[in-house]
Amino acid sequence: MSHRSRAIVSIACFVAGWLWLASLLRRGDDTSTRLRPQWVGKGPVEVLNSTLGFQKILVINLPSRTDRRDAMALAGAVTNLTFDWVAGVSGDDVPERVLPADSEGKQISTGNKGSWRAHMNALRRVVELNLTSALILEDDADWDIRLKTQLQVVALASRGFLRPAKSGSSRPLAGHSPEREHLGNGNDATAVSVNDLPAGRQPSMPPYGDHWDVLWLGHCGTDLPSSDPSGVQQQPALVTIPDDETVPPPAHLRPHPFARPDEALRSRFPPHTRVVHRVTPGTACSQAYAVSQRGARRLLWLFGTETMTTGWDFLLRHWRTKKAKTAEEPSRTRLGVPVPPVCLAVQPPVFGHHYGKGGGSDITAPGGGYLGSEREMTPYVRLSVRMNLGKLARGDGISQLADQWPEPDETDR
Ligand SMILES: *[C@@H]1O[C@H](CO)[C@@H](O)[C@H](O)[C@H]1NC(C)=O
Ligand SMILES: *[C@@H]1O[C@H](CO)[C@@H](O)[C@H](O)[C@H]1NC(C)=O
Ligand SMILES: *[C@@H]1O[C@H](CO)[C@@H](O)[C@H](O)[C@H]1NC(C)=O
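What counts, and where the lines are drawn
Residues numbered from 1 in each chain as written. Chains lettered and ligands numbered in written order. Predicted model: local features only at pLDDT ≥ 70, side-chain atom pairs only at ≥ 80, totals over all residues. Heavy atoms only, no water. UniProt positions renumbered as here; feature names shortened; annotations may be inferred. Helix = DSSP H or I, 4+ residues; strand = E, 2+ residues; numbered from the N terminus. Buried < 20%, exposed > 50% of the residue type's maximum accessible area, 1.4 Å probe, protein only. Contact = heavy atoms within 4.5 Å. Areas by Shrake-Rupley, 256 points an atom, 1.4 Å probe, with all protein chains shown as cover. Phe/Tyr/Trp six-rings, centres within 6.5 Å; stacked < 30°, edge-to-face > 60°. Lys NZ or Arg CZ within 6 Å of the ring centre and 35° of its normal. Near = heavy atom within 4 Å. Polar contact = N/O pair within 3.5 Å; in protein donor to acceptor, adjacent residues only side chain to side chain. Nonpolar A, V, L, I, M, F, W, Y, C, P; charged D, E, K, R; others polar. Salt bridge = Lys/Arg side-chain N within 4 Å of Asp/Glu carboxyl O. Core = buried A, V, L, I, M, F, W, Y, C linked by side-chain atoms within 4.5 Å. Pairing = 2+ DSSP bridges.

Per an unreviewed UniProt entry, the protein goes by the name Glycosyl transferase family 25 domain-containing protein and belongs to Phialemonium thermophilum. Recorded in UniProt for the protein, the comment headed Sequence similarities (unreviewed entry) runs: "Belongs to the glycosyltransferase 25 family."

If you want it as C-alpha cells, here you go:
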C-alpha cells in the first residue's frame, strides 16, 4: 500500500470513528431527540427530577397483584422515577360503616368501594406527611419515555394558566391579544399559545404554578371547556402547546371507539396540539392526577367524610358541581373570598391507561369500549414505556422503540 492510500484509509477510519462516536453520543441524549427541538430543554428543571417536580409519586397497587407491581416498578426504573407504594384495597374489605352517610342505598359496586378507599388512603398519606404535592398513579398507568420533557412544557402551560391577573384587572393576561378560538357549543373560549404567554414572576408553588388543587394528567378522555359562564375571565379558557410531536396524529386522538368523530380536540386545533384547561364534567378515569396539599385536604374531607355516591373518577370530575359545593366549606383567602377548587386537565393526557394482555382493572374498570379489545395498547401514548418494556429493560435507545400511534405516512415503512 502506498503512503497515499494508507493516508486515505486512516482518514476514512478516523471519519468513520467519529461518525460512530457521534451516533453513540446522540443515542445518549436519546430522550429528547424525537421531541420537536423547540420544546427540548424549555420549562422548569425541577420537573426533571425523579418525582417529576412533585414531592412524591404515590402508586396504588393491590398487594396480591404482584404482576402489576413488577411491571410498574420496571416502568418507573427505566424512566428514572422514584415511587412510594400505597396498598390498594379490595372492596370486600370496606365495611359499610366507614362509608360517608349519603352512600346508603346508592348500590355502589364492590370495585368502586375498593377504588375509593385506595384513593382516600393515598390522599391521607399526602395529608399525614404534609407533602406540598404528590402525583397519584394507578398501577396500570402508562406514559411516553419522553415524559419528563413533556411535563416541562405542561408545567409552562399550567403556570401560564394559573398566573393570577393583576389585582383589580379582570382582563385575560393583560397586554396580550389572545386569539379567539371557536370551541363549539356556541361559545367562544379564549385560547392562548404557550409561546405567547407573558413572562411572569416565579410561582410560589413551583414548578407547576400557583394555588392549584388537582392536575389531572391521565384520564380516558375529557371535554373542552366553553367560555367562563361568569364572563369575568381571570385566565384564558385554555393554553395550547403547539407542535408537540409526542401527541398522536389526529386519527388516533379518539378517547374511545364510540367517541364522536368530530371530537373537539381533533377538529378545532392543528395536529400535534396539546391543551391545558380546567377540568370539565366529561373527564373520566383517574389513572394519574396530582394533588397539592390544599387539594388533598379538601378532597379527603369532602369525599372521605362527607359524600361518596359513585366511582372515584365521577366524584372527582363533579367536584365543582352544585352537589359537591353544598357539602363543601370552601377554604377562604385572607380577604374572606371563597376559593373554588382549581383543577386542570391536560388533553390529550400525558398518562394513559394501559390495556394489557390479561384484561381489566382490579381497582376500577375503565369504561369506553376498549375492554373487549384483545390488543395490548395504551391510548394517547406514542413511545409507550409498557409496550417497549423489554427493549427498555435491555437498554435499547429511543430510536429502537416502537411508536404505537405513528404518523399516517410512517405506517407502511
Ligand atoms: C423534586 O422536586 C420537587 C420540587 O422542587 C421536590 O419537592 C422534590 O423533593 C424533588 N424530588 C426529589 C426526589 O428530590
Ligand atoms: C435515566 O438516567 C440515565 C442515567 O443518567 C440516562 O442515561 C437515561 O437516559 C435516563 N432515562 C430517561 C428516560 O430519562
Ligand atoms: C406543613 O407544611 C407547611 C408548608 O410546607 C408548613 O407551613 C406547616 O407548618 C406544616 N405543618 C406541619 C403540621 O408541620
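Trainee: What am I meant to see in the overall build of the protein here?
Mentor: Each helix and strand counted, the protein has 10 helices and 12 strands in total. In the protein, which comprises 413 residues, the proportion classed as buried is 50%. Sequence separation of 24 or more characterises 82% of the internal contacts of the protein that already satisfy a separation of 6 or more. Per element, the accessible surface of the protein, about 19300 Å² overall, is 54% carbon and sulfur.

Trainee: So what exactly am I meant to see when it comes to the packing of aromatic side chains here?
Mentor: Aromatic ring pairs are defined here through the distance separating the ring centres and the angle between the ring planes. If you walk through the whole model with that rule in mind, you get 7 aromatic pairs. Plain terms: the ring middles of W143 and F351 are 5.9 Å apart, the flat faces sit at 70 degrees to each other, and that makes the pair edge-to-face. One end of the pair, W143, is in strand β4 (residues 141-143); the other, F351, is in strand β12 (residues 351-353), with 208 residues separating them in the sequence. Using a relative accessible area of 0% as the deciding quantity, one classes W143 as buried. A cation sits over an aromatic face here: R317 above F314, 4.2 Å from the ring centre.

Trainee: What's the story with the environment of G111 in this structure? I'm lost.
Mentor: By secondary structure assignment, the location of G111 is in helix α4 (residues 110-128). Separated by 19 residues in the primary sequence, G111 and D92 have C-alpha atoms spaced 8.5 Å apart.

Trainee: Is there a simple way to think about the site of ligand 1 in this case?
Mentor: Close to ligand 1 lie E46, N49, S50, T51, G53, F54 and Q55. One of the side-chain nitrogen or oxygen atoms of N49 is found 2.3 Å away from an oxygen atom of ligand 1. The separation between a nitrogen atom of ligand 1 and a polar side-chain atom of T51 is 2.8 Å. Across the complex, the protein chains shield 56% of the 360 Å² of accessible surface that ligand 1 would expose by itself. Grouping the amino acids of the shell around ligand 1 by side-chain chemistry returns 1 nonpolar, 5 polar and 1 charged.

Trainee: What is the right way to read the pattern of salt bridges from this model?
Mentor: Where charged atoms from two side chains of opposite charge approach closely, those side chains can pair. For the structure on display, the rule yields 13 salt bridges. Where E128 meets R124, a salt bridge forms, and the shortest distance between an N and an O atom there is 3.5 Å. Of this pair, E128 and R124 both sit in helix α4, separated by 4 residues, roughly a single helical turn. Classification of R124 as partly exposed rests on a relative accessible area of 38%. With its nearest N and O atoms 2.7 Å apart, the salt bridge here joins E407 to R382.

Trainee: Explain the nonpolar core to me, please; I cannot follow it from the model alone.
Mentor: Nonpolar side chains in soluble globular proteins tend to end up buried together. Among the nonpolar cores identified, the biggest contains 46 residues, and L52, L137, W143 and F351 are the most heavily contacted of them. Broken down by element, this core gets its largest block of residues, 8 residues, from helix α5 (residues 147-162). Ignoring sequence-local partners within four residues, the contact set of F351 consists of L52, L135, L137, D142, W143, L147, L217, G218, H219, Q287, A288 and V381. Core analysis: the second largest hydrophobic core is formed by 32 residues, W116, A118, L131 and Y289 among them.

Trainee: Looking at this structure, I do not really get the side chain of N61. What am I missing?
Mentor: Along the chain, the position of N61 falls in strand β1 (residues 56-61). Aside from chain neighbours lying at most four places away, what touches N61 is R68, R69, W85, V86, A87, G88 and D139.

Trainee: Would you take a moment to explain the environment of A134 for this structure?
Mentor: Along the chain, A134 falls in strand β3 (residues 133-138). Setting aside its immediate chain neighbours within four residues, A134 contacts F54, K56, L58, V126, Y289, A290 and V291.

Trainee: Which parts of the structure should I look at to understand the pairing of strand β11 (residues 343-347)?
Mentor: Side-chain direction in a regular strand flips from residue to residue, so the side chains alternate between the two faces of the sheet. Buried residues dominate β11, accounting for 5 of its 5 residues. Of the two faces of β11, the one lined by C343, A345 and Q347 and the one lined by L344 and V346 are each fully buried. As paired strands, strand β7 (residues 214-218) and β11 are joined by 3 bridges and run parallel to one another. Note that in β11 the partner of L215 across the bridge is L344.

Trainee: I keep staring at the side chain of T222 and nothing clicks. Help me out?
Mentor: The topology assignment puts T222 in the loop between β7 and β8 (238-241). Residue T222 is classed as buried on the basis of its relative accessible area of 6%. Within polar-contact distance, the side chain of T222 engages the side chain of T280 at 2.9 Å. Only 2.8 Å separates the side chain of T222 from the side chain of T283, close enough to count as a polar contact.

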